[in-house]
Amino acid sequence: MKILVPVKRVPDPATTIRVLPDGSGIATDNVKWVINPFDEIAIEEALRIKEKQGGEVVLVAVGQQTWQEQLRTGLAMGADRAILVRSEAALDTLAIARLLAKIAEEQKPDIIILGKQAIDDDSNQVGQMLAEMLGWPQATFASKVEFQDRKCTVVREVDGGLETVAFDLPAIVTTDLRLNEPRYASLPGIMKARKKELKEIPADSLGVDLTPKLKIKKLDPPPKRQAGRKVASVEELVQVLHNEAKVI
Amino acid sequence: MDEVLDRDIIDAVRRFVDRDVIPVASDLEHRDEYPHALVARMKELGLFGATIPAEHGGLGVGFGTYARLMEELSRGWMSLAGVINSHLIMAYIITHHGTAEQKARFLPAMARGEKRGGLALTEPHAGSDVQSIRTVAKRAGEDYVLSGSKMFITNARHGTMLAVAAKTNPTAKPAYAGISMFAVEKSERGPTVSRNLKKLGYKGIDTCEVLFEDVPVPAANLIGGAEGQGFKQVMSALEVGRINVAARAVGVAQAAFESAIRYSQQRVAFGKPICQHQAVQLMLADMATRLEAARLLVANAARKKDAGERCDLEAGMAKLFASEACAKISLDAMRVLGGYGFTVEFPVERFYRDAPLMMIGEGTNEIQALVIARRLLELHAI
Ligand SMILES: Cc1cc2nc3c(=O)[nH]c(=O)nc-3n(C[C@H](O)[C@H](O)[C@H](O)COP(=O)(O)OP(=O)(O)OC[C@H]3O[C@@H](n4cnc5c(N)ncnc54)[C@H](O)[C@@H]3O)c2cc1C
C-alpha cells in the first residue's frame with residue numbers, strides 16, 4: 001500500500017505563544033517547532049499499516065526550507081521518503097489542498113492520511129478539500145482504521161459517539177487524537193533518515209492558483225486568567241459553583 | 001558526524017526527557033525504584049550504543065554530542081545517565097583495548113542494550129587508590145578464577161556484565177603493573193550481588209556490593225588478551241568518565257536553575273514577584289553564569305577528546321568546576337524556592353541530593369585537583 005502523509009510544521013504545544021503587539025502574527029523567537037501532533041498520529045498510522053502489509057510511506061510538506069526538520073523527523077520515525085513543496089509565502093488551506101491534490105495525482109497513493117487539523121490555526125479543512133478535489137471518499141476524525149483488500153473501514157469520533165464507515169480505496173482519512181500513540185524517532189532511525197530521499201519542488205512549478213482567498217486580519221491573545229479565590233466552606237463552594245460559575 | 005544530525009539526536013533525547021522522564025522522575029526516585037520502563041525506552045532510542053563505533057553496531061556519536069545527551073538525561077533524572085555511563089565506559093575499554101574477537105562478541109550486543117555493562121574498580125577499602133585493590137585473578141587452565149569484593153558498583157544488579165579490575169600479579173612492583181581487566185558476564189557461578197546500597201541521592205539505580213567467591217572467568221575474557229594492562233586501560237577511559245560526570249552536573253544544574261527562574265517569577269513577596277528583588281536577581285545571575293562556564297568547560301574538554309588530543313587537564317577542570325557549580329546552584333535554587341524548595345513537592349531537593357555524587361564519582365574533586373596540578377607542573381616546568 002502506498003500511503004501519502006502531509007505534514008505541517010507548528011509551534012511545540014508546550015511553547016508559550018505570544019501574539020505580536022500589532023496582532024499580525026505570533027512572536028517566533030524562542031519558539032520550538034515540531035510536527036503537528038495530529039500529523040504525527042497520521043505518520044504513526046501509516047507506518048503501522050506499512051509494517052502490517054508492506055508498501056511505502058511518503059511524506060509531503062508545503063513550506064519553507066526549515067520544514068525539512070519536521071520531514072526529517074518523520075523519516076526518522078520510519079517513513080521512506082519525503083517531498084517538500086517549497087513556498088516562501090504562507091498559503092491558505094485552499095492553496096495547500098490544491099498543491100496536495102497535484103502531488104497526489106503524481107504520486108498516486110492508495111490512501112492519504114492527514115491530521116484532522118493543525119494545532120496552530122485549527123482550520124480542519126485540508127483533508128475535506130482534498131477529498132473533494134480528488135473525488136475520493138473521506139473519513140475524518142478516525143479513531144480506528146482497518147483494511148480488507150481494497151476496502152477500508154474507519155471508526156470515526158463524532159459528537160456523542162462513534163460512527164463506522166466503509167469505502168473503497170483510494171481514500172482520505174484524517175486522524176483524531178485516540179487513533180494511536182506515535183512512536184519516537186530512535187537515534188539509529190535519525191541516522192538512517194539522513195540517507196533517505198528528501199525532494200524539493202517549487203510550489204509555483206505545479207501550475208496551481210496559490211492566490212490566498214483568506215486573509216488573517218488580526219490575532220488576539222486569550223484573556224488573562226483570573227486569580228483563584230478561596231472559599232470558607234463546602235457549602236459556600238457549592239453555592240459559588242451553582243450561582244456564579246453555573247457549572248452545577 | 002554533521003551538526004544537523006547531532007542536533008536531531010539531542011532533540012530526540014530532549015523530547016524523551018520532557019515527555020517521559022520529567023513527569024515520573026521524582027516519584028520513582030523517592031521510592032528508590034529501578035526505572036525499568038524508562039530503561040526500555042532508552043534501549044529503543046539506541047542510547048546504549050551512543051559512543052560505540054558504527055562498525056560495531058553503535059551510533060558512534062562524538063564526545064561533544066555524548067556530553068549533551070548525558071546533560072539532557074540528567075536534566076530529567078541524573079540516575080538515567082548513570083545507567084548509560086559505566087556501560088559505555090566498559091564499551092570504551094573494549095573498543096580501544098579489546099581483541100577483535102572480544103569486540104565482535106560484546107560490542108554489538110552492548111550497543112543494542114541486550115548486554116548491559118558496568119565498571120567494577122572500587123573495593124570496600126580502596127577507592128581513589130585503585131592500585132591497592134585486593135581482588136585477585138588466578139589462572140586455572142582455560143579460566144581465571146576471581147576472588148575478592150567490590151563496592152559501589154553501579155548497574156551491578158540490573159546489568160548483565162561488568163568490567164572487573166583484578167590483580168593477576170598481586171606482588172608486582174609497581175602495583176599497577178599487576179592489574180588486569182576482565183569482561184565478566186554474570187552467571188549462576190557468580191559474582192554475587194550481595195546488597196544494594198542505600199544512598200542520599202542517585203536513587204532508583206542500583207549501586208551494589210559485589211562478591212567474587214572463586215568465580216571462573218574464561219581466559220578469553222581477559223580484556224586485550226595480555227595480563228598487566230588493566231590500569232592503563234582504565235586510565236584511558238577516565239577522560240571520558242570525567243566528561244560524562246561533568247555533563248551530568250551541567251544537566252542537574254540546568255534543571256535546578258530552570259526551577260529557580262520559573263518560581264522566582266511566580267512567587268510574590270512584598271508586593272512583587274521575587275525575581276524583582278535584587279538579592280534574588282544576584283543569585284539567578286550567579287547561577288546562570290556558573291552554569292554557562294561549566295557547560296563551556298565540558299564542551300571544550302569534549303572537543304579536544306573528539307580531536308584525538310590528550311584532555312586529562314581539561315576533563316579534570318570540567319569535572320571539578322561543573323560538579324562544584326552544580327552543588328552550589330542546586331543549593332541556591334533551594335534558597336530561591338524558600339520553604340517549598342525544601343519539600344518533596346518540588347524537584348529541587350532531588351537536585352540538591354544528587355549534586356554531591358558528581359563531586360565524588362569518577363575520582364573525587366580532590367583527586368581532580370591533584371591531576372590538574374600535576375599536569376600544570378608538567379606543562380609549566382622550568
Ligand atoms: C553512588 C556511587 C556510585 C559509584 N559507582 C561506582 C562504579 O560503578 N564503579 C566503581 O568502581 N566505583 C564506583 N563508585 C566509587 C567511587 O568511584 C569512589 O567512591 C570514589 O572513587 C572515591 O573513593 P572512596 O569512596 O574509596 O574514597 P577514598 O578514596 O577513601 O577518599 C576519601 C577522601 O580522601 C580523599 N583522598 C583520597 N586520596 C587522596 C589523596 N591522594 N590526596 C588528597 N585527598 C585524597 C578523597 O578525596 C576523599 O575526600 C561509586 C560511588 C558512589 C558513591
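Residues numbered from 1 in each chain as written. Chains lettered and ligands numbered in written order. Predicted model: local features only at pLDDT ≥ 70, side-chain atom pairs only at ≥ 80, totals over all residues.

Undergrad: Please clarify how the domain arrangement of chain B should be interpreted in this entry.
TA: Size of an interface, as often reported, equals the accessible area lost when the parts are brought together. Residue and element names in this part refer to chain B. Assigned domains of chain B: these are domain 1 (3–112), domain 2 (119–228) and domain 3 (232–379). Computed over C-alpha atoms, the centres of domain 1 and domain 2 are 23 Å apart. Each side of the interface is counted separately: domain 1 has 21 residues, and domain 2 has 16 residues. Where the side of domain 1 that touches domain 2 is concerned, the elements lending two or more residues are helix H1 (3–31), helix H4 (78–97) and helix H5 (100–112). Of the residues forming the side of domain 1 that touches domain 2, the biggest block, 11 residues, is contributed by H4. A breakdown of the residues in the side of domain 1 that touches domain 2 according to their chemical character gives 10 nonpolar, 8 polar and 3 charged. (Domains from an automatic or database assignment. Contact = placed C-beta atoms within 7 Å. Helix = DSSP H or I, 4+ residues; strand = E, 2+ residues; numbered from the N terminus. Nonpolar A, V, L, I, M, F, W, Y, C, P; charged D, E, K, R; others polar.)

Undergrad: Hey, could you run me through the confidence of the model for chain B in this one?
TA: For any part of a model where pLDDT is low, the fine detail of the predicted coordinates should not be relied upon. Summary statistics for chain B give a mean pLDDT of 96 and a share of 100% for residues scoring 70 or more. This complex was scored by the predictor with a pTM of 0.88 and an ipTM of 0.79. (pLDDT = per-residue confidence, 0-100.)

Undergrad: Just to check I follow, could you spell out the interface of chain B and chain A for this structure?
TA: Counting residues at the interface gives 10 residues for chain B, matched by 9 residues for chain A. Looking at the side of chain B that touches chain A, the elements with two or more residues in it are H1 and helix H2 (36–45) of chain B. Tallying contributions element by element places H1(B) first for the side of chain B that touches chain A, with 5 residues. In terms of residue class, the side of chain B that touches chain A is made up of 7 nonpolar, 1 polar and 2 charged.

Undergrad: How should I be thinking about the sheet that holds strand S8 (residues 151–158) of chain A in this particular structure?
TA: Through backbone hydrogen bonds, the strands of a sheet pair up, either in parallel or in antiparallel fashion. Residue and element names in this part refer to chain A. A sheet is described by the order of its strands in space; here 9 strands give the open sequence S9-S8-S7-S10-S6-S1-S4-S5-S11, paired in mixed fashion. If you trace the sheet from one side to the other, it starts and ends with strand S9 (161–168) and strand S11 (198–202), each paired once. Neighbour-to-neighbour, the strand axes of the sheet open up by a mean angle of 30 degrees, direction not taken into account. In the sheet, strand S7 (residues 138–148) pairs with S8 via 6 bridges, with the strands oriented antiparallel. Note that in S8 the partner of Glu146 across the bridge is Thr153. (Pairing = 2+ DSSP bridges. Axes fitted to C-alpha atoms, helices over the stretch in contact; angles between N-to-C directions.)

Undergrad: So what exactly am I meant to see when it comes to the packing of helix H8 (residues 312–337) of chain B against helix H10 (residues 365–379) of chain B here?
TA: The axes of two packed helices give the description: the angle between them and the distance between them. Residue and element names in this part refer to chain B. Contact pair H8 / H10: the axes reach a minimum separation of 9 Å and the direction vectors enclose 145 degrees. Where H8 crosses over H10, the handedness of that crossing is left-handed. Note on element contacts: H10 touches H8 through Asn365, Gln368, Ala369, Val371, Ile372 and Arg375, opposite Asp312, Leu313, Gly316, Met317, Lys319, Leu320, Ser323 and Glu324. Split into classes, the residues belonging to the contact of H8 with H10 amount to 6 nonpolar, 4 polar and 4 charged. (Left-handed = near helix turned anticlockwise from the far one by under 90°.)

Undergrad: When you look at the pairing of strand S3 (residues 143–154) of chain B in this model, what are you seeing that I'm missing?
TA: Two faces, one strand: in a regular strand the side chains alternate between the faces of the sheet. Residues and elements named next belong to chain B. Bridging between strand S2 (residues 136–140) and S3 involves 5 bridges; their strand directions are antiparallel. Counted as the bridge partner of Lys138 is Val145 from S3. Joining the antiparallel neighbours S2 and S3 is a turn of 2 residues, in which Gly141 adopts a positive phi near 65 degrees. Inspection of the sheet shows S3 paired to strand S7 (residues 207–218) by 9 bridges, in the antiparallel sense. The residue of S7 that forms the bridge with Gly148 is Phe212.

Undergrad: Would you take a moment to explain helix H6 (residues 230–266) of chain B for this structure?
TA: Under the 1.5 Å per step criterion, the end-to-end length of H6(B) is 54 Å for 37 residues, consistent within 8% with the ideal 54 Å. Judged by how many residues are buried, H6(B) sits mostly within the fold: 28 of 37 residues are covered. (Expected span 1.5 Å × (residues − 1). Buried ≥ 20, exposed ≤ 12 C-beta atoms within 10 Å, placed from the backbone.)

Undergrad: Could you clarify how one ought to interpret the pairing of strand S10 (residues 171–175) of chain A in this entry?
TA: Residues and elements named next belong to chain A. In terms of burial, S10 is a largely internal element, 5 of the 5 residues being buried. Alternating positions in S10 separate into two faces, Ala171, Val173 and Thr175 on one and Ile172 and Thr174 on the other, with burial throughout. As paired elements, strand S6 (residues 111–115) and S10 share 5 bridges and run parallel to each other. The partner of Gly115 across the bridge, within S10, is Thr175.

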